[in-house]
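Summary of structural features
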2 protein chains.
Amino acid sequence: MAPTIYLAGPDVFLATARGVGKRKQELCTAFGFEGLFPFEADAGAAADAKTIFLKNRALMDRADVGVFNLTPFRGPSADAGTVFELGYMAAQGKLVFGYAGTRTPYLDRVEQSQGKLTEREGCRVDRDGYAVEDFGLGDNLMIVRAIEEAGGTLSLVDEDTLAAFRAFEACLASVQDAFRAGRLGKP
Amino acid sequence: MAPTIYLAGPDVFLATARGVGKRKQELCTAFGFEGLFPFEADAGAAADAKTIFLKNRALMDRADVGVFNLTPFRGPSADAGTVFELGYMAAQGKLVFGYAGTRTPYLDRVEQSQGKLTEREGCRVDRDGYAVEDFGLGDNLMIVRAIEEAGGTLSLVDEDTLAAFRAFEACLASVQDAFRAGRLGKP
């Protein structure tokens, strides 16, 4: 049976969510996996929050691997629901992989969205005086390090679309490499 | 021995992070708990991302309960690192609680930061055409439902500060209630 991949991401908020999900599942199949797309896309206004949560949690519990679309969403960071799910699957000891449609580091994205950063005691700070992590990473260190500690990779491609298909394909190739090399998680 | 609480939140990015952490730990003690503050605050520029990740993960693994500061950070949602940690501890089956310094629902916060929402097929959408969850919740449904499914609560107080001390105290009172009622998680 093909290993299952939970396809986390803000794709569910696109007008074209169903089509995007279908295409990502087809790509999973082409790489030898079964893609599980989150429930929201098919839910519409009919489903309540509790139902969506429980269905998505069940999909995560069932999946062998998590692939997370970390393209910035409504701010310089990844979508909050996606990041929650990354933490959830990382704690399960599963292989987790990330991808995003931008190669711009987090610190630069904060600067782009808020204007020039300043300095305070050797630390970069934003317009509100909050420190900005300066590790050259693509997002908050907990996100990036969790992926690396789990044996996954982060695929970044400048493509400026939320669905980030090119980065997604690069990510699936990395998942395939991990399976071929026997680098499975410890579910 | 006092139950331990992991004090997740963007407090670590404040100029006053150490003082805020110390005060929150004192409040934990007053409520009968031991508060564990994330490592970043003391790290400064010296620690690398891997060290911070591993230290914070070890604190989460050690904690009995997670208390999450979900005050919006650099956008309409909670801080990404905090949300990652919420997912991590929720997957461990631990009791998780949230608090925030605002009672404004997520949908209204998106509207405040982006301008008026429009409609598409019965769904509210933002300026980029992305659907906005319309469940009247304080943040992404995965965040809010995870707390409720785990038996925790979400304490919201309009106080307009990132540290959100009043909401934090209300949250600690809820944690105390949960312990007194025997509603422990299943670590």
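Residues numbered from 1 in each chain as written. Chains lettered and ligands numbered in written order. Predicted model: local features only at pLDDT ≥ 70, side-chain atom pairs only at ≥ 80, totals over all residues. Heavy atoms only, no water.

**Thoughts on the environment of V96(A)**
Note that V96(A) resides in strand β4 (residues 95-100). Sequence separation between V96(A) and C123(A) is 27 residues, and the spatial gap between their C-alpha atoms is 30 Å. (Helix = DSSP H or I, 4+ residues; strand = E, 2+ residues; numbered from the N terminus.)

**Topic: the sheet that holds strand β3 (residues 65-69) of chain B**
All names here are of chain B. The sheet built from five strands is open, its strands ordered β2-β1-β3-β4-β7 with parallel pairing. Only two strands of the sheet have a single partner each, and these edge strands are β2 (34-36) and β7 (154-156). On average, adjacent strands in this sheet sit at an angle of 20° to one another, irrespective of strand direction. As paired strands, strand β4 (residues 95-100) and β7 are joined by three bridges and run parallel to one another. Across the sheet, G98 pairs through a bridge with L154, a residue of β7. In the packing of helix α7 (residues 165-180) onto the sheet, contacts are made with β1 (4-8), β3, β4 and β7, and the angle to β4 comes to roughly 160°. (Pairing = 2+ DSSP bridges. Axes fitted to C-alpha atoms, helices over the stretch in contact; angles between N-to-C directions. Contact = heavy atoms within 4.5 Å.)

**Structural notes on the interface of chain A and chain B**
The interface of chain A with chain B comprises 52 residues on the first partner and 52 residues on the second. Overall, the association of chain A and chain B removes approximately 4,000 Å² of surface from exposure, summing both partners, and the carbon and sulfur fraction of that is 69%. A per-residue breakdown of the area chain A buries against chain B is headed by R74(A), F84(A) and M142(A), which together make up 21% of the total. The interface formed by chain A and chain B includes four salt bridges. Across the pair R74(A) and D126(B) runs a salt bridge whose closest N-O atoms are separated by 2.8 Å. (Buried area = accessible area lost by both parts, 1.4 Å probe. Salt bridge = Lys/Arg side-chain N within 4 Å of Asp/Glu carboxyl O.)

**Focus on the confidence of the model for chain A**
Atomic detail in the predicted coordinates should be set aside for any region of low pLDDT. Of the residues in chain A, 94% reach a pLDDT of 70 or more, and the chain-wide mean stands at 93. Listed scores for the predicted complex are pTM 0.96 and ipTM 0.95. (pLDDT = per-residue confidence, 0-100.)

**Focus on the packing of aromatic side chains**
Applying the stated criterion across every chain yields a total of 12 aromatic pairs over all chains. Geometrically, the ring pair formed by F33(A) and F179(A) is tilted, given 5.4 Å between the ring centres and 55° between the ring planes. Of this pair, F33(A) sits in the loop between α1 (17-30) and β2 (34-36) while F179(A) is found in helix α7 (residues 165-180), placing the two residues 146 residues apart along the sequence. A relative accessible area of 5% means that F33(A) is categorised as buried. One aromatic cluster in this structure is built from F13(A), F73(A) and Y130(B). Residue placement shows K24(B) over the ring face of F165(B); its charged tip is 5.4 Å from the ring centre. If you follow K24(B) out to its NZ or CZ, it ends over the ring of F168(B), 5.0 Å from the centre. (Phe/Tyr/Trp six-rings, centres within 6.5 Å; stacked < 30°, edge-to-face > 60°. Buried < 20%, exposed > 50% of the residue type's maximum accessible area, 1.4 Å probe, protein only. Lys NZ or Arg CZ within 6 Å of the ring centre and 35° of its normal.)

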